[in-house]
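Structural features, examined
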Amino acid sequence: MVRHETKNFSELWKSIPWRKLRRNLFRLQRRLFKAIQAGDKRRARNLQKLILKSKAARLLAVRQVSQLNAGKKTAGVDGVKSLSFKQRFDLAERLLKANDWKHSKLREIPIPKKDGTTRLLKVPTMADRAWQCLVKYALEPAHEALFHANSYGFRPGRSAHDAQKILFLNLKSDRNGLNKRILELDIEKCFDRINHTSIMERVIAPKAIKLGLWRCLKAGINPEFPEQGTPQGGVVSPLLANIALDGIEDIHQSVRYADDMVLILKPKDDAEKILGKIEEFLAERGLKVKESKTKLVKSTDGFDFLGWHFKVQTNGKFRCVPSEDNYKAFRQKVKDIINCSNIGAREKAKKLAPLIRGWRNYHRYCKMDGSRFSLWRMNHRAFKVFNKEKKLNRHTATELIKKAFPAVPYNENRHVNVKGNKSLYDGDLVYWSERNSKLYDNQTSKCLKRQHHSCGYCGLKLTSDEKVHLHHIDGNHSNWKPKNLLAVHESCHDYIHKGKAVKA
């Protein structure tokens, strides 16, 4: 009997029309975005209440934290790592009482930092993550209508590459980048020190949800600082940090990615005066500048930001390459895999391929020529290790190297930047789907155009809120014929391979 009931819950979950639910939720979010743009906060709060009670939002929140998120297997204080199909439905019902949610304590996981210190990752329970995700659905569109155009971190439709391109546009030769200075700003323990009251004053939400967020913030407090900090590891934490820091960009021309920020100064700008205004802004939020890491440099001296090293050469030409720290960390990861004696060459190639492809994709708008960034030395070292295996010869080792070190094209400073204050919630699906196809190269881009920028599985438009994957229809990953390729959402691709989805 129990087995029969489990099967029924399984079939019910698989048969949920996710495409319809996503469309219903997006329609409410778009209306919320436009209400805030129009300045109608009363209507906005009513729409937020609708989202919180919406069956679509509740089911999608549970699906997001239990199936789609990268950290879905990380347990909270209750030790729960996964949910059965019945538990997913039960949790969606519990979320009906989102207005009176009691947040559990957080599980603390120490994470080592490169300077030798540690930071605490504070992980909520699965149920609390679902509640935070539901609240995020109601908060994000409202604040997206207000966020500054030069803020790029943890925002839908925006990425680090947009920040990279803005720096290029401001420091290239025809913008007199040669004579500009850069103020590298470091906020001391930003996530751990943001004042709770300053966050709540700026959050646009009904009172009941503000109370829930207050409990959420208090669940992860440091006893030394009971009025400060957003827990790193929570679904809604990056959004709350963005809400608190929004407006700092108005002080001076700058580029911000979450709590990382650089300010672009012209020759006549007063650096001390600008820094004073920033310190005043941060003090209102319980934050302060970390003096040891905040510095003023000439654009010709170069500076690091988001894993890249930016520099204006003496001839005025702008250059961007992977930073020294980023390259060293990546190289160490590759060496650890190549030198691991517990796995064979074929397994090493499987582990190396996504690592190499991910690193090259992140730096695909940098200057990547030269033996160093072509990864020739790593490639050569891997070949020597692979070729020593008894079951492999020179030919098979070479084939494995091609799989382990996939070629990714680079195109210096060619990223297409997001337009001004454009947001995924503005309803301009044509712009966002076409922009998404420009973020990909080769077969993926061609596939997106053939499919009119829609997912080949669920039929929804492929906007940049979720990664696009190429699905090989016949399962043969060596068959790259156009008819065998399908551009799909990352979540849809996961469903296809696990056989857990039924078309909505």
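Scroll up a little and you will see the structure.
Residues numbered from 1 in each chain as written. Predicted model: local features only at pLDDT ≥ 70, side-chain atom pairs only at ≥ 80, totals over all residues. Heavy atoms only, no water.

1. Brief notes about the environment of Ile16
Relative to the elements of secondary structure, Ile16 occurs in the loop between helix 1 (2–14) and helix 2 (18–37). For Ile16, a relative accessible area of 8% gives the class buried. Sequence separation between Ile16 and Val236 is 220 residues, and the spatial gap between their C-alpha atoms is 26 Å. Those residues in contact with Ile16 that lie beyond four places of it in its chain are Leu21, Leu59 and Phe89. (Helix = DSSP H or I, 4+ residues; strand = E, 2+ residues; numbered from the N terminus. Buried < 20%, exposed > 50% of the residue type's maximum accessible area, 1.4 Å probe, protein only. Contact = heavy atoms within 4.5 Å.)

2. Re the packing of aromatic side chains
Following the criterion strictly, the structure yields 15 aromatic pairs and no others. Seen in terms of ring centroids, Phe330 and Trp359 are 4.2 Å apart; in terms of plane orientation they differ by 5 degrees. Their pairing is stacked. Of this pair, Phe330 sits in helix 13 (residues 324–338) while Trp359 is found in helix 14 (residues 345–362), placing the two residues 29 residues apart along the sequence. For Phe330, a relative accessible area of 4% gives the class buried. With a centroid separation of 6.5 Å and 40 degrees between ring planes, the pair formed by Trp359 and Phe373 is classed as tilted. You can see Trp359 sitting in helix 14 and its partner Phe373 sitting in the loop between helix 14 and helix 15 (376–387), a full 14 residues away along the chain. The pair Trp359 / Phe373 is uniform in exposure class, with both members buried. The rings of Phe168, Phe303, Trp308, Phe310, Phe318 and Tyr362 are connected pair by pair, giving a single aromatic cluster. (Phe/Tyr/Trp six-rings, centres within 6.5 Å; stacked < 30°, edge-to-face > 60°.)

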